[in-house]
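Spelled out from the first residue to the last, the chains are:
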Amino acid sequence: NTDPQSYAAYFVNHWQFLDPGYKDSLAWQNRLYNEGLIDPEYFTDKGNARLKEAFVTGKLGYFENNVDFNMKTNYGSLLKNLQKNIPGAEFVSIRPIRNVNDGQVYNPVYPPSGGLSFVPKTSKNPEACVQYMNFIAGEGGYHVYFGFEGEHYRLEDGIPVTIDGEFNARDKDWICNDLALTFGMSEDLFIKSMVKSYPGYEPYVASNYENALAGTHLKADHQPYSKEVNDLTAAVKKVHNDFQVKLITCRPSEFDDLWNEFQEEMNKAGASRILELRREMYNL
């Protein structure tokens, strides 16, 4: 149900790690692992080093990541390096998988508030914080992200186009996303800028953005703050992280028993209590 209130109710009443569909997902990953289709050391991969190596050497069959993961020069231009190593090699962006219940595509996205920017009460310089946010919300955010005309980009029909991707990677790209909290630019213009920044790969980049934005966008509301929920969530996620690797890498014959143990430990850590508290906060 795409009705905002119904979606919020679903969000409140379900905890991903307790949902039967999550068990199916892990069982599928377990099968892939035991058939040798997943890197046996995937859980030791820090900073996606093994993923990147598999990508540029042609060993990777499919993967999921953000739109520009394999194109940004600060990630090593993975697609370009793949094609240097294996001429003719290519990756193709695929559309999101359709929902099994109604055949539609649903895409979870940030709520209208986006990333919440606020000044904590403990700040020693709240005026400076607000001044920075005002700067970023105006032209400052644009320049922090794209840099300076003639140095980092040139304008083509009002669209900022990267001049030298490798220079930008060293000079600003590694931090621009963290500093440019928000800036005034339409989604359409931003995508056109990204597409034009990769000469020779424009159709590929465009298809990535098109697929990333496909379907019905579902926006979940932020939960009201609760210290108890926050504390329990940290404990529950620790249990999940401990069991996730075990569930994916165990022998198939061990999976069901391990899943039952996982559910018991999750509830001991407070997963069921989190659902109760969510219902109370949302009056459900």
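As a reminder, the structure under discussion sits directly above these lines.
Residues numbered from 1 in each chain as written. Predicted model: local features only at pLDDT ≥ 70, side-chain atom pairs only at ≥ 80, totals over all residues. Heavy atoms only, no water.

Each turn of an α-helix holds 3.6 residues, which means side chains three or four residues apart point in the same direction. The end-to-end C-alpha distance of helix α10 (residues 255–269), which contains 15 residues, comes to 21 Å, matching closely the 21 Å that a straight helix rising 1.5 Å per residue would cover. Within the span of α10, buried status applies to Phe255, Leu258, Trp259, Phe262, Gln263, Met266 and Ala269. The buried residues of α10 all sit within an arc of 145 degrees when viewed along its axis, so they share a single face. Seen from the buried face of α10, the exposed residues on the opposite side, beyond 90 degrees, are Asp257 and Lys268. Downstream of α10 by a residue or two, glycine 270 has a phi angle that is positive, lying close to 120 degrees. (Helix = DSSP H or I, 4+ residues; strand = E, 2+ residues; numbered from the N terminus. Expected span 1.5 Å × (residues − 1). Buried < 20%, exposed > 50% of the residue type's maximum accessible area, 1.4 Å probe, protein only. Arc of directions from axis to C-beta.)

Let us look at the packing of aromatic side chains. A complete count under the given rule lists 14 aromatic pairs for this structure. A centroid spacing of 6.4 Å and a plane angle of 50 degrees characterise the contact between tyrosine 22 and tryptophan 259, whose relative ring orientation is tilted. With tyrosine 22 in helix α2 (residues 20–34) and tryptophan 259 in helix α10, this residue pair connects regions lying 237 residues apart in the sequence. One exposure class covers both tyrosine 22 and tryptophan 259, and it is buried. Look at phenylalanine 55 and phenylalanine 63: their rings are 5.5 Å apart centre to centre, the planes differ by 70 degrees, and that puts the pair in the edge-to-face class. Judged by relative accessible area, which is 0%, phenylalanine 55 ranks as buried. Under the relative-accessibility criterion, phenylalanine 63 is labelled partly exposed at 25%. Linked through ring pairs, Tyr142, Tyr145, Phe146, Tyr153 and Phe190 together constitute an aromatic cluster. The ring of tyrosine 145 carries lysine 172 above its face, with NZ or CZ at 5.9 Å from the centroid. (Phe/Tyr/Trp six-rings, centres within 6.5 Å; stacked < 30°, edge-to-face > 60°. Lys NZ or Arg CZ within 6 Å of the ring centre and 35° of its normal.)

Function cannot be read off these values alone, since they describe shape.
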